[in-house]
Amino acid sequence: VQLVESGGGLVQPGGSLRLSCAASGLTFSRYTMSWYRQAPGKERELVAVITSAGGSTNYADSVKGRFTISRDNAKNTVYLQMNSLRPEDTAQYYCNGRNTRWASIDYWGKGTLVTVSS
């Protein structure tokens, strides 16, 4: 199983980025997908979650109204559209997939770095 994130980079405050996470080796439609982030010196935190069919999403309060999680089950890919980025959004962003039936089965990507700075 592989989860491969892409789309990170350096962006100015107020800018936008779209992260992608391509999954392989699993039945993607059977996994709840999430984005987490970890800033230097801080614990990893949940940013956004989307259910297996994409019918429900949830967000951390800090990103509500600015970030949007979506998925394309035909492409085995989950996205995170990030708008109105702030310096405090700077972090390594990780993709996570958790099996909807067996929660102990979950996978992580290696992350992609997002830096928000002028």
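Structure: see above.
Cut-offs and rules
- Residues numbered from 1 in each chain as written.
- Predicted model: local features only at pLDDT ≥ 70, side-chain atom pairs only at ≥ 80, totals over all residues.
- Heavy atoms only, no water.
- Helix = DSSP H or I, 4+ residues; strand = E, 2+ residues; numbered from the N terminus.
- Rg over C-alpha atoms; globule rule 2.2 N^0.38 Å.
- Contact = heavy atoms within 4.5 Å.
- Lys, Arg positive; Asp, Glu negative; His and termini not counted.
- Charge placed at Lys NZ, Arg CZ, Asp CG, Glu CD.
- Pairing = 2+ DSSP bridges.
- Axes fitted to C-alpha atoms, helices over the stretch in contact; angles between N-to-C directions.
- Disulfide = S-S within 2.5 Å.
- Buried < 20%, exposed > 50% of the residue type's maximum accessible area, 1.4 Å probe, protein only.
- Phe/Tyr/Trp six-rings, centres within 6.5 Å; stacked < 30°, edge-to-face > 60°.

**Student:** Tell me about the overall build of the chain, and name the residues and values.
**Tutor:** Check the secondary structure of the chain and you find zero helices and eleven strands. Ordered by position from N to C terminus, the α and β elements of the chain give β-β-β-β-β-β-β-β-β-β-β. For the chain, whose C-alpha radius of gyration is 13 Å, the value lies close to the compact-globule estimate of 13 Å for 118 residues. With respect to the three principal axes, the spread of C-alpha positions in the chain is 40 × 25 × 25 Å. Taking contacts inside the chain between residues at least 6 apart in sequence as the whole, the part at least 24 apart equals 54%. Between the averaged position of the 13 positive side-chain charges in the chain and that of its 8 negative side-chain charges there is a distance of 6 Å.

**Student:** Before we move on, can you summarise the sheet that holds strand β7 (residues 67–72) with the specific residues and values?
**Tutor:** Overall, antiparallel pairing links the four strands, which are arranged β1-β3-β8-β7 in an open sheet. The open sheet has two edge strands with one neighbour each: β1 (2–6) and β7. Pairs of neighbouring strands in the sheet enclose a mean axial angle of 15°, with direction left out of account. With six bridges connecting them, strand β3 (residues 17–24) and strand β8 (residues 77–82) associate as antiparallel partners. Bridge assignment links C21 to a residue of β8, and that residue is V78.

**Student:** Can you break down the state of the cysteines residue by residue, with the values?
**Tutor:** Scanning all chains against the criterion turns up one disulfide. Note that C21 is cross-linked by a disulfide to C95, the S-S spacing being 2.1 Å. On the sign convention where negative is left-handed, the bridge of C21 and C95, at about -80° about the S-S bond, is left-handed. One end of the pair, C21, is in strand β3; the other, C95, is in strand β9 (residues 91–99), and 74 residues separate them in sequence. Take C21: its relative accessible area is 0%, and that puts it in the buried class.

**Student:** Please provide a residue-by-residue account of the packing of aromatic side chains, values included.
**Tutor:** In this structure the tally under the stated criterion is two aromatic pairs. Look at Y31 and Y107: their rings are 6.1 Å apart centre to centre, the planes differ by 45°, and that puts the pair in the tilted class. Taken as a pair, Y31 in strand β4 (residues 31–38) and Y107 in strand β10 (residues 106–108) lie far apart in primary sequence, 76 residues in all. By relative accessible area, Y31 is classed as buried at 6%.

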